[in-house]
Amino acid sequence: MAFMFLRELIRTYRERDPAARSSAEVFFCYPGLHAVMWHGLSHWLWTRGFLLAGRFSSHIGRWLTGIEIHPAARLGRRLVIDHGMGVVIGETAEVGDDCYLYHQVTLGVARASSGKRHPTIGNNVIIGAGAKVLGPITVGDNARIGANAVVVDPVPDDTTVVGIPARPVDRKLQGREPHFDPYGMPCDDSLDPVLRDLEGLRAELSEVEVRIARLAAQTQQRQTDQQLPAGN
Ligand SMILES: CC(C)(COP(=O)(O)OP(=O)(O)OC[C@H]1O[C@@H](n2cnc3c(N)ncnc32)[C@H](O)[C@@H]1OP(=O)(O)O)[C@@H](O)C(=O)NCCC(=O)NCCS
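Residues numbered from 1 in each chain as written. Predicted model: local features only at pLDDT ≥ 70, side-chain atom pairs only at ≥ 80, totals over all residues. Heavy atoms only, no water.

**A word on the overall build of the chain**
Argument step 1. The helix and strand inventory of the chain stands at five helices and 15 strands.
Argument step 2. The buried share among the 232 residues of the chain stands at 37%.
Argument step 3. Put simply, 32% of the contacts in the chain that link residues at least 6 apart link residues at least 24 apart.
Argument step 4. With the model as given, the accessible surface of the chain reaches about 14,000 Å², and the carbon-plus-sulfur share is 58%. (Helix = DSSP H or I, 4+ residues; strand = E, 2+ residues; numbered from the N terminus. Buried < 20%, exposed > 50% of the residue type's maximum accessible area, 1.4 Å probe, protein only. Contact = heavy atoms within 4.5 Å. Areas by Shrake-Rupley, 256 points an atom, 1.4 Å probe, with all protein chains shown as cover.)

What follows is the structure in structure tokens.
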């Protein structure tokens, strides 16, 4: 069971992180993977009543990875925590399947209270580096949270929010099939093909302009040299 979970997680890292070159690299060098595996043990202990052992186990996980996940937090499948350092996931936080968190993300408390006080994150959500999601709010499926945003209000499905406090930007999935974009940004494959061709043509045009300018300068230099009287 744990082995299948590990294999699935490694495959997810390889599919989603453009920097992941091999399964061995992911297994040995990705603290996000170690933290999630470690959380599996801590959560197992916690839910069986071994509270101190669960807490201590999560503390060791934090010590090893720089990622703090409370043993009571509920994590969905295929969670990727990229880079990882400084991530904090609080006690009553819930994270859906296929989410992608960058370093310094906090799923934390807005105001001191008991009971449910951390956010609930839907499926396929991307949370940018340094973002804070605070309070018992819900972040909908396929939402994207910009780097360094502070989110204190619920985020609807398919919505991108940025800033402090986070507000939606005018960019929804607009009928596109939900799919993963590294860094939360549409990659070239999702661009309109005509736009992509135009971008290519524009780049080629700029290059041709630079070449023409260089040739013109060389021709002018040659003419000036020829006009100069011999001996000068
Ligand atoms: C939020 C995000 C997903 C939006 O990407 P996008 O859909 O390509 O959106 P755009 O770049 O077109 O930006 C839309 C608007 O939001 C603004 N914006 C984008 N990201 C922002 C951010 N993190 N904070 C504040 N404003 C931001 C843009 O300036 C733009 O504003 P404008 O409409 O006034 O010009 C992306 O910018 C982001 O923050 N991704 C996380 C990346 C990350 O954490 N990387 C770490 C890698 S190690």
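Don't stop here, the text continues.
**Let's talk about the sheet that holds strand β2 (residues 74-75)**
Argument step 1. Taken together, four strands build an open sheet; the order of strands is β2-β5-β8-β11 and the sheet is parallel. The strands lining the two open edges of the sheet, one partner per strand, are β2 and β11 (138-139).
Argument step 2. Taken together, the two bridges between strand β5 (residues 94-95) and strand β8 (residues 120-121) define a ladder with parallel strand orientation. Its bridge partner lying in β8, Glu-94 is registered against Thr-120. (Pairing = 2+ DSSP bridges.)

**Structural notes on the side chain of Arg-16**
Argument step 1. Position of Arg-16 relative to the elements: it lies in helix α1 (residues 2-16).
Argument step 2. Within the buried set, Arg-16 has no salt-bridge partner at all; the shortest N-O distance to an opposite charge, 4.8 Å, is to Asp-98.
Argument step 3. Polar side-chain contacts of Arg-16 include one of 3.2 Å to the side chain of Asn-124.
Argument step 4. For Arg-16, the contacting residues outside a window of four places in its chain are Asp-98, Cys-99, Tyr-100, Asn-124, Phe-180 and Pro-182. (Lys, Arg positive; Asp, Glu negative; His and termini not counted. Salt bridge = Lys/Arg side-chain N within 4 Å of Asp/Glu carboxyl O. Polar contact = N/O pair within 3.5 Å; in protein donor to acceptor, adjacent residues only side chain to side chain.)

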